[in-house]
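Structural overview for review
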Amino acid sequence: MEPQSTKGHERPLGRPWGLKVLGGSPRLKRPLPKRGHPREAAAARMSMQSTNPLKPKAPHQPPGIPKSPSCQRRHTLPASEFRCLTLEDAVSAFEIEREAFISVLGICPLDLDEIRHFLTLCPELSLGWFEEGCLVAFIIGSLWDKERLMQESLTLHRPGGHIAHLHVLAVHRAFRQQGRGPILLWRYLHRLGSQPAVRRAVLMCEDVLVPFYERFGFHAVGPCAISVGSLTFTELHCSLRNHPFLRRSSGC
């Protein structure tokens, strides 16, 4: 609440009540310094200036408002970074995944131990998007060596395989509806395409998500052999040879 004006109710400073001023405000005459040595005059001026400091006060941030992370980390961490995940990122990835999937499916594609398992065996098949050093979106994959996905493909990594199985793509809730999922997927497929041993990307998803992945070159090959409880999925494949991202000229 703004303070109420007290104009008309507060005694004016410098003159008593009832004094009518003609021709402007009365001025108090300051005694002139005695003439003397120039150093004495300079000292008198410095004494007068010291009573009215001109140095402005430093602004203070209102209490309760934390400093922006960008102010704290601008000189130590990049504003936006894409890199493979490490074991140190496992807990952050699991927290994002759990919030994204539990409310919708009631389960997570990977539990924390499985995330650590894949980040130990094949971290090069993961990709994280970091803002100010914090993970905001990620993909975790592994290699598979069969034509179609099977139940064991959920937990296995086949080093000699030529198929990249995308286990999970998740975005932090505070960064959704910003196009980050598509950008991250494009970058991930581009990285896979630069690995000569990887010829195809595969994943399984609910039917409602099939149109989303078709935008990136995936096509449905039929019902997936994997089911989780009462949930069923569609299996999608994407050839990494002559993929559209090889001709994509955008900065994604």
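This section reports on the structure supplied with the text. (Residues numbered from 1 in each chain as written. Predicted model: local features only at pLDDT ≥ 70, side-chain atom pairs only at ≥ 80, totals over all residues. Heavy atoms only, no water.)

**A look at the overall build of the protein chain**
A tally of helices and strands in the protein chain yields 6 helices and 7 strands. Reading the secondary structure of the protein chain in the N-to-C direction produces α-α-β-α-α-β-β-β-α-β-α-β-β. Within the span of the protein chain, comprising 252 residues, buried residues form 29% of the whole. Considering only intrachain contacts with a sequence separation of at least 6, the fraction spanning at least 24 residues in the protein chain is 67%. (Helix = DSSP H or I, 4+ residues; strand = E, 2+ residues; numbered from the N terminus. Buried < 20%, exposed > 50% of the residue type's maximum accessible area, 1.4 Å probe, protein only. Contact = heavy atoms within 4.5 Å.)

**Here we look at the packing of helix H3 (residues 90–105) against helix H4 (residues 112–121)**
Axis separation between H3 and H4 bottoms out at 9 Å; the angle between their running directions is 130 degrees. Comparing their axes, H4 and H3 come out oblique. Seen along the crossing, H3 lies across H4 with a hand that is right-handed. Between H3 and H4, the residues in contact are Ala90, Val91, Ala93, Phe94 and Glu97 and Leu112, Ile115, Arg116 and Leu119, respectively. When its residues are assigned to classes, the contact of H3 with H4 shows 7 nonpolar, no polar and 2 charged. (Axes fitted to C-alpha atoms, helices over the stretch in contact; angles between N-to-C directions. Parallel < 35°, antiparallel > 145°, perpendicular 65-115°, else oblique. Left-handed = near helix turned anticlockwise from the far one by under 90°. Nonpolar A, V, L, I, M, F, W, Y, C, P; charged D, E, K, R; others polar.)

**With respect to the nonpolar core**
Of all hydrophobic cores here, the largest spans 46 residues; its most connected members are Phe138, Ile140, Leu192 and Phe218. Here this core takes 7 residues from strand S3 (residues 134–144), the largest share from any one element. (Core = buried A, V, L, I, M, F, W, Y, C linked by side-chain atoms within 4.5 Å.)

**Describing the pattern of salt bridges**
Where side chains of opposite charge bring their charged atoms close, a pairing between them can arise. For the structure shown, the criterion picks out 8 salt bridges. Notably, a salt bridge pairs Glu131 with Arg180, separated by 3.0 Å at the nearest N-O pair. Here Arg180 lies in helix H5 (residues 180–193) and Glu131 lies in strand S2 (residues 126–131), a separation of 49 residues in the sequence. Accessibility classification places Glu131 together with Arg180 in one group, the buried group. Among the salt bridges present, the one from Asp145 reaches Lys146, with a minimum N-O distance of 3.4 Å. Taking relative accessible area as the criterion, Lys146 reaches 35% and is therefore assigned partly exposed. (Salt bridge = Lys/Arg side-chain N within 4 Å of Asp/Glu carboxyl O.)

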